[in-house]
Structure formats: C-alpha cells, structure tokens
Number of protein chains: 2
Amino acid sequence: MSLMLGIDLGGTNLRAGLVKRDGHVVARASLPLADRTPTAVIRQIVETVRHLQSSSGERAAAIGVGVAGLVEPSSGTVLRSPNLPEWREVPLRDLLAREFNVPLALDNDANAQAVAEARLGAGRGHRHFVLLTLGSGVGGGLILEGKPFHGDRGFAGEVGHIVFDPEGPSCGCGGRGCWELYAASRAFALHASRLSGEEREDLLRAAGVDLADLTPKISARLAEEGNGAALALWEMFGRALGIGIATLVNALDVMTFLIGGGIARSFERFAGAARASALAHTYPCHAEHLLLKPAALGDDAGIIGAALQAFEGCGRSS
Amino acid sequence: MSLMLGIDLGGTNLRAGLVKRDGHVVARASLPLADRTPTAVIRQIVETVRHLQSSSGERAAAIGVGVAGLVEPSSGTVLRSPNLPEWREVPLRDLLAREFNVPLALDNDANAQAVAEARLGAGRGHRHFVLLTLGSGVGGGLILEGKPFHGDRGFAGEVGHIVFDPEGPSCGCGGRGCWELYAASRAFALHASRLSGEEREDLLRAAGVDLADLTPKISARLAEEGNGAALALWEMFGRALGIGIATLVNALDVMTFLIGGGIARSFERFAGAARASALAHTYPCHAEHLLLKPAALGDDAGIIGAALQAFEGCGRSS
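Residues numbered from 1 in each chain as written. Chains lettered and ligands numbered in written order. Predicted model: local features only at pLDDT ≥ 70, side-chain atom pairs only at ≥ 80, totals over all residues. Heavy atoms only, no water.

Colleague: Which residues make up the interface of chain B and chain A, and what values go with them?
Modeller: In this assembly, 46 residues from chain B lie in contact with 46 residues from chain A. Put simply, chain B and chain A have zero salt bridges between them. The interface formed by chain B and chain A contains 29 residue pairs in polar contact (both at pLDDT 80 or more). For the side of chain B that touches chain A, the elements supplying multiple residues, two or more each, are β6 (77-80), β10 (138-144) and α8 (228-252) of chain B. The greatest single-element share of the side of chain B that touches chain A, amounting to seven residues, is contributed by α8(B). Grouping the constituent residues of the side of chain B that touches chain A by class yields 24 nonpolar, 15 polar and seven charged. (Contact = heavy atoms within 4.5 Å. Salt bridge = Lys/Arg side-chain N within 4 Å of Asp/Glu carboxyl O. Polar contact = N/O pair within 3.5 Å; in protein donor to acceptor, adjacent residues only side chain to side chain. Helix = DSSP H or I, 4+ residues; strand = E, 2+ residues; numbered from the N terminus. Nonpolar A, V, L, I, M, F, W, Y, C, P; charged D, E, K, R; others polar.)

Here you go:
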C-alpha cells in the first residue's frame, strides 16, 4: 500500500510525515521555521521531504499540504498567511511541483485537520461538525455532509473573523472586533484589562509579566494554582468563545464543535462557560444537542489530514 | 405532467398554489390567517387546498409546505413559529396527512424560497448562496453545493440570530442582541433612537407616528421624499445588515446574497451601505466577489419552492 506525505505549515513550525491510508504516521519531522520568506520556507519543505523519504526508504505517491492562512485550493495559491507576512499570493503548489514529480494538494491547515478528525478522530460519526483551532487566532474547518466545505474559493472556515463587536479593536484581516480577538491567545490581555484594577494587578504580579504579555499558558498555570482572577479570565474567555459558537449554531444548525489548537489543553477550564454562553444565545431546543469536545489527534492532525487529502485527491480524476 | 401543491404559511398570511415542474403557478390563493391556533390554521389550509383543486379541476400529486418558524423536516414538526405563538411542536405533516392522501414535504419557508430562487430565480448559476428574507425578522435559506443545507435537525439558516451584540436587547429566541433586532423591521425604531434628539423629533413629526411604530414602509416613504434622517436610517440599517453578511462571508466563503422579504423593496436604499460594511469586516480579497442582489420571485417564491421540494421529495425513495 502506498504512502502519502502530509505537510503542515504553521506560522512558526513545519511538520511533515509519511502517512498510511489508515492514518498511521510511519515517519515524521517537526522543526521551527528558520526564515519565513517564501523561498526559504519552500527550501526547508523540500529538504525535509527529501530527508524523510531517504531516511525511511519510502516514497510518497502524492503530497498534501495544509497551510495556516488564506489558501485557494483550485489554483494551489497561498493568498496570505497571518504569521508569514511576506507570503502574498505564493503559488506554492506550482513551486513544489518543480521539485516533486507527484500530485500535490493544497488546503488551509484547519481544513486538513478537520478532515483528519472526521476520518480518524473526534469527528467520526458526525455528519456535520466545526473544528475550532484555538491558538494565535481562531481557525476553523467545516465538515458538512461528511466532507470539507470550502465555499466559493476555498476560504470557508475563517470563523475567527466572525464579527463579535462591530465597534471593537482592529484586526489583521482589515475588519474590527473579530471573534479571535476575544477567543484566542491575545484575548487574555483584553479580558484581563476588564478585571477590576486590584484584581488585575494581583494577577499580573502573580504572572510576573505585563498585561500585553499575558498568555493562555501563563493563565493556565495561575488557574492551576487556584488564582481567582485567572479562573475568572478563563470564564470570560469561555463566554466569548460560546458567543461565536452560538452564531455558528444559529446559522448552520451544526451541533458538534471540536476544539483543537494549543489552548484546547485547557479545555476543562473554559468548556463549561462556552457551552452555557452558546446556549444563552440560541433557541432552547438546541440545549440537549450541543456538543463541545476536544479534538483527538493533537499535533499530528495537520499532517494526517493533509496526507488524507492527498489520498482523496488521487482518487479523483483531477 | 403532474402538478404539485405549494403552501407558504407565514406569520400573517397563507398562500397556496398549484405549480408545474417548471415553476409556473397554474392557480393561486392568498389570504390572511383568520385565527392563528393550530386547529384553525390547519382547517384553513385544508379548505384552501380543496378549493384550489376543485376550482381548477386539477389535483396535486404531492404537497410541499414552507412554514415561517423552526421546522424539523425529518419528523414533519413545527417546533415553534415566532408569529404563531400557540404553535409548539405541532406535527403538521401528520395532521395534513389525515386529510390528503399524497406525499407531504415540510420545511422552513426561507429554505423553500431559497430552493425556488436556486432553480428558477436569482440564484441560478450560483453553486452557493444565502437568501436573506428581511421582514419582521431576518430569515435565511442556505444553498450550499447547489442544495438546501439543513444542518443536524433542519434548523440551519436561522441567521437572524447571529449574535450582533452580546450585550444587546433580549430577543424572542431567548438570546440577546440578535442580528434581526438591527437588520429587520424593528430595527428602524432602534436606529432612530440613536439619531440626535432634534433629528429624531423631526423624523417622527414627518412620520406622524411614535418611535416604537416606525416601520420600514414609513421610513421608505420619508426617504423617497428626501427626508435626511430617514436616509440616515437606511444607511444605519444597511451597515447593520452588512455586518451579519460579513460574518457569513468569513465563516462560509459564500459570496452571493439574495435579498428578499418586504424590506427588499427598498433594496437600492440600503444595498450600498450593506456591501460597504460587509467589505469593511472581511479580507480585502473578497471585494470583487461579493454580490448582493434582490431575490427574483417575489411573493410566489414560497409556494414555488415548497412545490419544487414536493417534486424533489417524490423523486426520492423516502
């Protein structure tokens, strides 16, 4: 049985793996991006793929790539990537095709992860679900009718830019008050700024950082220690997360939300508040159906999903 | 070729029509609901259908019903209907089946209208679109991959309850600050309350009504007369409409929005502001693709769509 190569290009790390049809990762590599220019990243991808294939003695029949950013699958172009600022309309598929003589499939990283969760992870048995990846932003992958939903040009799932507060702070997308300002890593500083002065000062003293540097990781450590203000921050974070979930429930009647990304490690801290707040903003008939659960595949989801998309792409005539 | 019967049960009117496969309405009836209790409405439906069939000498091979409200197509139940407060979990399909010995299909009215627009109206040629019906609320019908998208239980498209302002006024759905409070008929009073005191008083004097009674119709008449405050109200309405559209664009990458419902008569008054505000809250790459256009089928959309769903239902084995 042939192997596929899955590549997960995040904003800070490159992961790659040789993956079997059943999702088993035969060999993997994970390394920080040394230089974020398109030329350097592409060189790093090429070297990583060659190294994986030569060291394992296996060759991939096709390559799937998931990229954190706005990806147009039809043309194989990365339009932009929030954490790779120099990437603007990079024809990544064509550039990789010069190096590898195999079929190449390109998609957004959250879509790839959602495919992996649908086939092998926490999405199995759900006809529809939304994967939310909570990290520096809120990424989203939509599985509708059992398949990734891409929309008109492949940008579906940019749920981090659901408008949370039309008058809110500016966002890198060009808009204002986007959901991810309230429900991803930068949200902790924002929510902390809304604590009372005393609570906030106690929190920052315990954290040992300035307000702007308050991260989910620090907030998780403080909550673990029983810090009341940190626990309140996770409540606020959960409530904001739930409001965007309510919008998706109302618009799509999708009841299953898988939560992935680094912040999902603190799932138990925010899931209750998120669910309660989502239900406070939807019809009561949704109450017994709404399901929030952690994604199952962890850091491997991106490479597995990209590889599965390569398998599925090879099954099509295109 | 056989005919289908399409029924459009709104909150105030009942429409019914005998419809051909090509969407041509052979005979139609439109009448106000005399009494809104389930028993009375069902009797009115039965009488209307019998009258249509006997006066035309035609019989329908199947019946499709679109209802303004939360409808569970699989069980044929109307869970609730905002303008028919006594309707709670009414098994409408079974109740009608006692009277008519033909297959019956039940769906939400906006979904039915979206199907009509997809096959015969302004949605033709669009693989994905959202129909927004602007009236007492914001109804929505999603056509994704060329088909109506229903979600887990058939409630997809309740876009009027996208959370617009988490701290906003209460909504009949149980939530707060829902989009339809800002972008449907009640929004005119709300937006007028935000005008300066003087502007508001001038507006209400010209309108000849109290603030709470300010309707889109009155606002349209005043705008027609060149009233500056009324023109400003339509701007505010358009901006609020655009913000919910931005949320849908970001989440779904659906670029085509058809605008129906009574307020769509003033399309030219608000469409520019809606488009500008949607683009201010989305990635710049959407600018040349976003399309807002009026729905094409007017008051017949509901009966045509319900009838087409009956045709399509009959083509299935279920």
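Colleague: Run through the sheet that holds strand β12 (residues 256-260) of chain B, naming residues and quoting values.
Modeller: Residue and element names in this part refer to chain B. Strands sit in the order β11-β10-β9-β12-β13 across an open sheet of five strands; the sheet is mixed. Taken across any chain shown, the strands that pair with only one partner, and hence form the sheet edges, are β11 (147-148) and β13 (291-294). The pairing of β10 with β11 spans two bridges and is antiparallel. In the strand pairing of β11, I143 is matched with P148. Contacting β9 (129-134), β12 and β13, α8 crosses the sheet at an angle of about 150° to β9. (Pairing = 2+ DSSP bridges. Axes fitted to C-alpha atoms, helices over the stretch in contact; angles between N-to-C directions.)

Colleague: Quick one: what's the story with the packing of helix α7 (residues 216-224) of chain B against α8(B), residue by residue and with numbers?
Modeller: Residues and elements named next belong to chain B. The interhelical angle for the contact between α7 and α8, taken along N-to-C directions, is 125°, at an axis separation of 8 Å. With respect to their mutual orientation, α7 and α8 come out oblique. As for how α7 packs across α8, the hand of that crossing is left-handed. Note on element contacts: α8 touches α7 through A230, L231, L233 and W234, opposite P216, S219, A220, L222 and A223. When grouped by side-chain class, the residues that make up the contact of α7 with α8 number eight nonpolar, one polar and no charged. (Parallel < 35°, antiparallel > 145°, perpendicular 65-115°, else oblique. Left-handed = near helix turned anticlockwise from the far one by under 90°.)

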